[in-house]
Amino acid sequence: MPLEDEPSETYIAHVKQTPTGGWEIHDLEDHLFGVAELAKDFAASFGSGDWAYLAGLWHDLGKYSSEFQNYIKTVSGYDISAHLESGRVDHSTAGAIHSMSAFPGGKVLAYLIAGHHAGLTDWENSEMGRAQLKYRLQQQDLLDRCKNRVPDRLLNQPPPTSKPPAGAAPAL
C-alpha cells in the first residue's frame, strides 16, 4: 500500500500486448530499481557500482511525466483515449538534470543518463545544436514536469563514495 505522501498511480516503463489480447505492464519504479541493481552488479568489477546504481535509478525519471505516460499509452494502444501532444517525448534529460543538483560530481552521471539511448554527447558543440548536453541540462521544465510524481525514495539517494582506480582519467 502506498504511503500517504507517495503517488498511488501506476506509472508505466514499458507495456506490450500479449498474444491473448491482455496487457503486460512493466511498472516504472520496479524498472528503475531493477536497472539500478543490474548496473551496480556490472560496474562492481571496476569499483564503480555505486555510481552505476544511481545512473540506473535515474535514467528514466522523465517517464514519470504525464507527457510520457500519455505517449506510451497511445503508441502501444494500451489506452486509445490518451492524448498525444507530439511524436517523441524526452525521458532521459530529467534524470540527467536531477543528477547535476544531487551532489558534486553529478555531471558524470548526467552524461551517462542523457546518453543512455543516443550515446554520449559533447558538453558543448555548436554543430550539435539542441543535442549538446549543456543545452539539454538547461531544460529544467523536463524535471519539473515529473518531479512531484517521482517517489522520494528514488530521488533522495546518498552520493557515491567510490573513487576511480589509480591511473584513471581525472573526473570531469
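Here goes a summary of the coordinates provided. (Residues numbered from 1 in each chain as written. Predicted model: local features only at pLDDT ≥ 70, side-chain atom pairs only at ≥ 80, totals over all residues. Heavy atoms only, no water.)

**A look at helix α3 (residues 66-76)**
Where α3 is concerned, the buried positions are Phe68, Gln69, Ile72 and Lys73. Looking down the long axis of α3, one finds its buried residues gathered within 130° of arc, a one-sided arrangement. Buried positions along α3 lie against β1 (12-17). Gly77 sits one or two positions beyond α3 and adopts a positive phi of about 85°. (Buried < 20%, exposed > 50% of the residue type's maximum accessible area, 1.4 Å probe, protein only. Helix = DSSP H or I, 4+ residues; strand = E, 2+ residues; numbered from the N terminus. Arc of directions from axis to C-beta. Contact = heavy atoms within 4.5 Å.)

**With respect to the packing of helix α4 (residues 93-102) against helix α5 (residues 106-114)**
Axis separation between α4 and α5 bottoms out at 7 Å; the angle between their running directions is 175°. Considered as vectors, α4 and α5 are oriented roughly antiparallel to each other. For the pair α4 and α5, the contacting residues are Gly95, Ala96, Ser99 and Met100 in the first and Gly106, Lys107, Leu109, Ala110, Ile113 and Ala114 in the second. The class makeup of the residues in the contact of α4 with α5 is six nonpolar, three polar and one charged. (Axes fitted to C-alpha atoms, helices over the stretch in contact; angles between N-to-C directions. Parallel < 35°, antiparallel > 145°, perpendicular 65-115°, else oblique. Nonpolar A, V, L, I, M, F, W, Y, C, P; charged D, E, K, R; others polar.)

**Examining the packing of helix α2 (residues 49-58) against α5**
At their nearest, the axes of α2 and α5 sit 9 Å apart, and the two run at 50° to each other. Overall, the two elements α2 and α5 adopt an arrangement that is oblique. Of the two elements, α2 crosses α5, and the hand of that crossing is right-handed. Of the residues in α5, those in contact with Trp51, Leu54, Ala55 and Trp58 of α2 are Val108, Leu109, Leu112 and Ile113. Its residues placed into classes, the contact of α2 with α5 shows eight nonpolar, no polar and no charged. (Left-handed = near helix turned anticlockwise from the far one by under 90°.)

**A word on the environment of Ala52**
By the secondary structure assignment, Ala52 is in helix α2. Once the C-alpha coordinates of Ala52 and Leu38 are considered, the two residues, 14 residues apart in sequence, prove to be 8.7 Å apart. Non-local contacts of Ala52, meaning those with residues more than four positions away in its chain, are made with Ala39, Lys40 and Ala43.

Honestly, that's just the spatial picture; any functional story needs more than this.
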